[in-house]
Amino acid sequence: SCTTPEEIVGKLLTVMYQGTENSSDDTFNSAKTLADDIGATFLNININGLVDTYRGLIEEQLGRKLSWDTDDLALQNIQARVRAPGIWMIANLNNALLLSTSNRSEAAVGYATMDGDTAGSISPITGIDKHFLRSWLRWLETVGLNVKNEWTPADRTGSVNDSTKSDELNNLQPTAELRPLDKKQTDEDDLMPYDVLNSIEESAIRDKQPPVEVLKMVEVRYAGAYDRDKLLVWVERFFRLWSRNQWKRERYAPSFHLDDHNLDPRSWCRFPILSGGFEKEL
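Residues numbered from 1 in each chain as written. Predicted model: local features only at pLDDT ≥ 70, side-chain atom pairs only at ≥ 80, totals over all residues. Heavy atoms only, no water.

So, the environment of Trp-268
Here's step 1: By the element assignment, Trp-268 lies in the segment after helix H12 (246-251).
Here's step 2: Between the C-alpha atom of Trp-268 and that of His-257, which follows or precedes it by 11 residues, the distance is 7.9 Å.
Here's step 3: In contact with Trp-268, not counting residues within four places along its chain, are His-257, Asp-260 and Asn-262. (Helix = DSSP H or I, 4+ residues; strand = E, 2+ residues; numbered from the N terminus. Contact = heavy atoms within 4.5 Å.)

Here's what the structure looks like:
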């Protein structure tokens, strides 16, 4: 029998950190601290060998070496995809549900590796946008439910820190950490600022506005914060990524319909897998 919340969590939740040479100490330490703080069972394996094996097999078949200059996306995705079999094995051994961690902002633009970080039985936060999640985590750090300075989460999926590091970790930039560390990859460099992404998604998908009207809206909303040329690039990027990645949203683990922004095609937001991609409107 369990006598503390931590003991209950230890029985219910197992997490596994699967690092590569591109993973940072910050990510490992925040994940480990979270698991320890809430009582989750924490496992840690290094998957570099698995990544290298797949890379070597494909290089042999292609007759050439893969490089970050010519094969960036494939080299990123194989790291995320190799993580799936191991965590599925743990889920099977525990007779457990596998939770995937994609949020709504990632789902909108397909910023996820299919059969990698999207693998799971259920996706608890795919109905919630990243901008809200970051704001909520900051609120939990600074205000919280009367638990300030006991434990506070950081802005990394599955990351929690103690009170001495809460500000430091909440200020970490979200990153997939799939490129070499010297490339300093961040989600927002790959995509756009998450507050802008959320505003575009809200206008384009929830309110069904065409690209020109979305651009007019963000010009007003972000006047003085971002120049028009950047906003134009981000609006175009959103519509192209949205149209290109409907097939991914069809295959995400089931999520919860939490508000009127839901993108799950099985419960709310239908969109054709093959479409014109807003070419005429853009």
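After that view, the rundown keeps rolling.
Here we look at the confidence of the model for the protein
Here's step 1: The predicted model of the protein averages 86 in pLDDT, with 85% of residues at 70 or higher.
Here's step 2: Every residue in residues 147-165 scores below 50 in pLDDT, and together they form 56 contacts with partners more than four places removed in sequence or on other chains. (pLDDT = per-residue confidence, 0-100.)

A word on the packing of helix H3 (residues 48-62) against helix H4 (residues 72-93)
Helix packing for two helices is described by the angle between their axes and how far apart those axes are.
Here's step 1: Orientation of H3 relative to H4, taken along the N-to-C sense of each, is 130°, at an axis distance of 10 Å. It follows that H3 is oblique to H4 by the angle criterion. In terms of crossing hand, the pair formed by H3 and H4 is right-handed. Contact with H3, carried on its side by Leu-50, Val-51, Tyr-54 and Arg-55, involves Leu-75, Ile-78, Gln-79 and Val-82 of H4 and no other residues of that element.
Here's step 2: Here the residues of the contact of H3 with H4 sort into six nonpolar, one polar and one charged. (Axes fitted to C-alpha atoms, helices over the stretch in contact; angles between N-to-C directions. Parallel < 35°, antiparallel > 145°, perpendicular 65-115°, else oblique. Left-handed = near helix turned anticlockwise from the far one by under 90°. Nonpolar A, V, L, I, M, F, W, Y, C, P; charged D, E, K, R; others polar.)

Overview of unusual backbone geometry
Here's step 1: One non-glycine residue, Asp-115, lies in the positive phi region at around 65°.
Here's step 2: Among the structural elements, Asp-115 can be located in the loop between helix H5 (104-109) and helix H6 (130-142).
Here's step 3: Residues other than glycine seldom take positive phi values, yet Phe-278 does so here, at roughly 60°.
Here's step 4: Within the secondary structure layout, Phe-278 lies in the segment after H12.
Here's step 5: On the accessibility criterion, Phe-278 (22% relative accessible area) is partly exposed. (Buried < 20%, exposed > 50% of the residue type's maximum accessible area, 1.4 Å probe, protein only.)

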